[in-house]
Amino acid sequence: VEYRNGTKKAVRADGSTTVKFANGDVKTADASTGKVVYYYAAAQTTHTSDPARTLEVFEFPNGQSETHAADGSKDIRFPDGTRKVVRADGTSSTTFPDGVVLEGEGS
């Protein structure tokens, strides 16, 4: 299906869909798993929602990735190897490439 605004939607036999928006964004949805992948063209960022694992994953063009869990915790990985974990209670720990760990308190 093609819409007047330039959006194109394709539906496969299994019910999965791909929507291509006029701005270059692309959304795919897997009917069997419920997994949705949305690519933001302008930001070159991918957002994946995986209901089976109750996770959302964000992948940025600079190599940073963030995994967000349903309980509010986050695992953030930076291109330089730094990793920051934010726990559901808001406390955090940051591990730097040299092995130094910085523990932080919630807000």
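Just so it is clear, the structure is predicted and the values come from calculations on it, not from any experiment.

Chemist: I tried to follow a nonpolar patch on the surface on my own but got confused; where do I start?
Modeler: Taken together, the side chains of Phe96, Val100 and Leu102 present a nonpolar region at the surface, about 250 Å² in accessible area. By the element assignment, Phe96 lies in the loop between β10 (92-95) and β11 (101-104).

Chemist: How should the sheet that holds strand β1 (residues 8-11) be read in this particular structure?
Modeler: Within a sheet, each strand pairs with its neighbour through backbone hydrogen bonds, oriented either parallel or antiparallel. Here eleven strands make up an open sheet; going across it, the order is β1-β2-β3-β4-β5-β6-β7-β8-β9-β10-β11 and the pairing antiparallel. Edge positions in the open sheet fall to β1 and β11, since each of these has one partner strand only. Pairs of neighbouring strands in the sheet enclose a mean axial angle of 10°, with direction left out of account. Pairing geometry for strand β4 (residues 36-40) and strand β5 (residues 45-50), over five bridges, is antiparallel. Counterpart to Val36 in the pairing with β5 is Ser49.

Chemist: What exactly am I supposed to notice about unusual backbone geometry here?
Modeler: With glycine set apart, most residues show a phi of negative sign, and most peptide bonds adopt trans. Non-glycine residue Gln44 carries a positive phi angle of around 50°. Within the fold, Gln44 resides in the loop between β4 and β5. The backbone of Thr54 shows a phi angle near 45°, a positive value even though the residue is not glycine. With respect to the helices and strands, the residue Thr54 is situated in the loop between β5 and β6 (55-59). Overall, the relative accessible area of 47% leaves Thr54 in the partly exposed class.

Chemist: Looking at this model, I keep getting lost on the pairing of β4. Mind explaining?
Modeler: Along any regular strand the residues' side chains alternate between the sheet's two faces. Sheet topology note: the strand β3 (residues 26-29)/β4 ladder contains four bridges and is antiparallel. Its bridge partner lying in β4, Lys27 is registered against Tyr38. Counted between consecutive antiparallel strands, the loop separating β3 from β4 contains six residues, among which Gly34 sits at a positive phi close to 80°. Between β4 and the antiparallel strand that follows it, β5, lie four residues; Gln44 among them carries a positive phi value of about 50°.

Chemist: Got a minute to help me understand the pattern of salt bridges in this structure?
Modeler: Oppositely charged side chains may form a pair once their charged atoms are brought near each other. A complete count under the given rule lists four salt bridges for this structure. Between Arg53 and Asp50 there is a salt bridge, and its shortest N-O distance comes to 3.4 Å. In this structure Asp50 comes out as buried when scored by relative accessible area, which is 14%.

Chemist: Got a minute to help me understand the pairing of β6 in this structure?
Modeler: Note: β5 against β6, five bridges, orientation antiparallel. Bridge assignment links His47 to a residue of β6, and that residue is Phe58. In sequence, β5 turns back onto β6 through a hairpin of four residues, with Thr54 there showing a positive phi of about 45°. Counting the residues in the hairpin turn of β6 and strand β7 (residues 65-69) gives five residues, including Gly63, whose phi is positive at 100°.

Cut-offs applied
- Residues numbered from 1 in each chain as written.
- Predicted model: local features only at pLDDT ≥ 70, side-chain atom pairs only at ≥ 80, totals over all residues.
- Heavy atoms only, no water.
- Patch = residues over 30% accessible without salt bridge, like charges linked within 9 Å, V, L, I, M, F, W, Y side chains within 5 Å.
- Areas by Shrake-Rupley, 256 points an atom, 1.4 Å probe, with all protein chains shown as cover.
- Salt bridge = Lys/Arg side-chain N within 4 Å of Asp/Glu carboxyl O.
- Helix = DSSP H or I, 4+ residues; strand = E, 2+ residues; numbered from the N terminus.
- Pairing = 2+ DSSP bridges.
- Axes fitted to C-alpha atoms, helices over the stretch in contact; angles between N-to-C directions.
- Buried < 20%, exposed > 50% of the residue type's maximum accessible area, 1.4 Å probe, protein only.

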